[in-house]
Amino acid sequence: MNDTQNKRSQMVSCLFPKGIPGLWCPPIVHYDENGKPDQERSRKHLNRLVPSVHTFLLSGSTGDGWELSGEEKKELFDFYMDQAKELPFQMLIGVLEPEKGAAAVKIKEWAEYLKRRAGTNAPVDAMRKCHVCGFTVCAPRGAERTQREIRDELEKILMLDYPTVIYQLPQITENEISPETTAFLAENYPNFYMFKDTSGTDQVKRSEKSYGNVFFVRGAEGDYKRWSRFSGGCYDGFLLSSANTFGDELLTVLHALQEGRTEEAEAVSSMVSGIIGDVFETLQSLEGGNVFANANKCIDHILAYGKHWETYKGPMRHCGMRIPEEYLKKTYDILERAGKVPEKGYCE
């Protein structure tokens with residue numbers, strides 16, 4: 001293990017004494033009648049999630065990160081920080097600013113904010129006190145971006161020396177960080193400790209490049225068993241929107257694979273893949289918002305209210321519109337066929 005890897009290992013040990021968790025969740029944002037974050041509804045959702053998920057990415061794609069204002073993001077963070085004092089979880093702060101130079105500026109602003117909230121001038125100590133385990137960033141936007149431009153931009157962020165997760169997000173950035181760029185950053189920056197790939201092409205992990213001891217999580221949905229390193233796949237874990245609704249099941253897949261229960265892992269993986277695929281396809285036609293958020297809000301609504309889901313108003317979105325009942329009905333039918341509609345929802 002070289003010096004960079006040693007430093008990365010030491011940092012990770014401080015952040016995660018028991019090791020980096022294999023399952024992460026980008027939580028959906030619940031809104032009230034006025035379009036403001038609904039803290040009571042979010043609290044119920046968190047209480048359901050935390051038994052299986054202990055690490056969250058705030059303001060990611062599923063968490064309306066491209067739609068929330070700076071003040072809304074801080075309001076959400078304050079809520080989660082207060083909850084983290086009672087529930088055992090940590091947070092990544094999504095700084096998904098694809099315009100050149102914007103992410104580094106925002107990270108500095110967040111660092112100052114965390115220091116004020118924690119009452120300390122030491123940034124890393126402030127992160128620890130605020131239950132923050134790093135910042136998540138993506139490549140600068142633009143299909144014309146060269147790998148040198150992408151590398152230079154990410155280096156400026158990593159030079160700030162905060163624990164950092166790099167997010168492969170071509171759906172927004174219109175480009176992909178290459179295996180060569182990823183390997184260079186992994187070799188030179190110990191604070192780069194995790195890479196999330198939601199591209200679906202998986203070119204970085206499919207390559208023969210070495211990334212040292214960087215932890216890799218897959219963000220693309222489906223066929224979870226195949227992609228886990230415990231079954232010969234290439235990913236250390238998952239950071240999935242479906243963890244909002246199937247955290248228990250996804251954790252079961254990981255544990256079953258670790259313990260050699262491959263048939264169980266295959267069955268659960270196929271069940272979740274089928275539901276998520278069908279619901280995502282159903283929600284493709286819904287305008288407004290993010291399909292990952294919309295789909296999981298539909299599933300979560302059924303899980304929250306069970307067979308009485310029609311009694312409750314549909315989930316509100318950041319755009320100020322509720323998800324129409326027709327989409328909730330289709331989601332209910334998909335879940336019912338899979339035997340996943342609870343008799344009594346977790347919010348009843």
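This report concerns the structure included in the present document. (Residues numbered from 1 in each chain as written. Predicted model: local features only at pLDDT ≥ 70, side-chain atom pairs only at ≥ 80, totals over all residues. Heavy atoms only, no water.)

## Here we look at the sheet that holds strand E3 (residues 90-94)
Taken in spatial order, the eight strands of this open sheet run E1-E8-E7-E6-E5-E4-E3-E2, and their pairing is parallel. Single-partner strands in this sheet number two, and they are strand E1 (23-24) and strand E2 (55-58). Sheet topology note: the E3/strand E4 (residues 132-138) ladder contains four bridges and is parallel. Residue pairing across strands places Ile93 opposite Phe135, the latter belonging to E4. Along the sheet, helix H3 (residues 70-84) contacts E2, E3 and E4; its crossing angle with E3, the most-contacted strand, is approximately 170 degrees. Packing against the sheet, helix H8 (residues 179-188) makes contact with strand E5 (164-168), strand E6 (192-197) and strand E7 (215-218), and its axis sits at approximately 160 degrees to E6. (Pairing = 2+ DSSP bridges. Helix = DSSP H or I, 4+ residues; strand = E, 2+ residues; numbered from the N terminus. Contact = heavy atoms within 4.5 Å. Axes fitted to C-alpha atoms, helices over the stretch in contact; angles between N-to-C directions.)

## Some thoughts on the side chain of Asn290
You can see Asn290 is positioned in the loop between helix H12 (262-283) and helix H13 (291-305). Side-chain polar atoms of Asn290 contact the backbone nitrogen of Phe292, separated by 2.7 Å. Apart from residues no more than four positions distant in its own chain, Asn290 is found in contact with Ser61, Thr62 and Glu67. (Polar contact = N/O pair within 3.5 Å; in protein donor to acceptor, adjacent residues only side chain to side chain.)

## A closer look at the packing of aromatic side chains
For the structure on display, the rule yields 16 aromatic pairs. Ring centres 5.3 Å apart and planes at 75 degrees place the aromatic pair Phe79 and Tyr80 in the edge-to-face group. Comparing Phe79 with Tyr80 shows no difference in burial state: the two are buried. Ring centres 6.1 Å apart and planes at 90 degrees place the aromatic pair Tyr224 and Phe238 in the edge-to-face group. Here Phe238 lies in strand E8 (residues 237-239) and Tyr224 lies in helix H10 (residues 224-227), a separation of 14 residues in the sequence. Here Tyr224 matches Phe238 in class, with each residue buried. Over the aromatic face of Tyr113 sits the side chain of Lys74, whose NZ or CZ is 5.3 Å from the ring centroid. Geometry around Phe216 places Lys205 over its ring, the cationic atom sitting 4.6 Å from the centre. (Phe/Tyr/Trp six-rings, centres within 6.5 Å; stacked < 30°, edge-to-face > 60°. Buried < 20%, exposed > 50% of the residue type's maximum accessible area, 1.4 Å probe, protein only. Lys NZ or Arg CZ within 6 Å of the ring centre and 35° of its normal.)

## Overview of the pattern of salt bridges
Throughout the structure, instances matching the rule amount to 23 salt bridges. Between Asp78 and Arg117 there is a salt bridge, with its nearest N and O atoms 2.5 Å apart. In this pair, Asp78 sits in helix H3 while Arg117 sits in helix H4 (residues 102-118), placing the two residues 39 residues apart along the sequence. With its nearest N and O atoms 2.4 Å apart, the salt bridge here joins Arg141 to Glu99. On the criterion of sequence distance, the pair formed by Arg141 in the loop between E4 and helix H6 (147-158) and Glu99 in the loop between E3 and H4 is long-range, its members being 42 residues apart. By relative accessible area, which is 28% here, Arg141 ends up partly exposed. Looking at Glu99, the relative accessible area reads 44%, which means it is partly exposed. Counted as one network, the salt bridges with shared partners bring together Glu33, Lys313 and Arg322. (Salt bridge = Lys/Arg side-chain N within 4 Å of Asp/Glu carboxyl O.)

What is shown is where atoms sit, not what they do.
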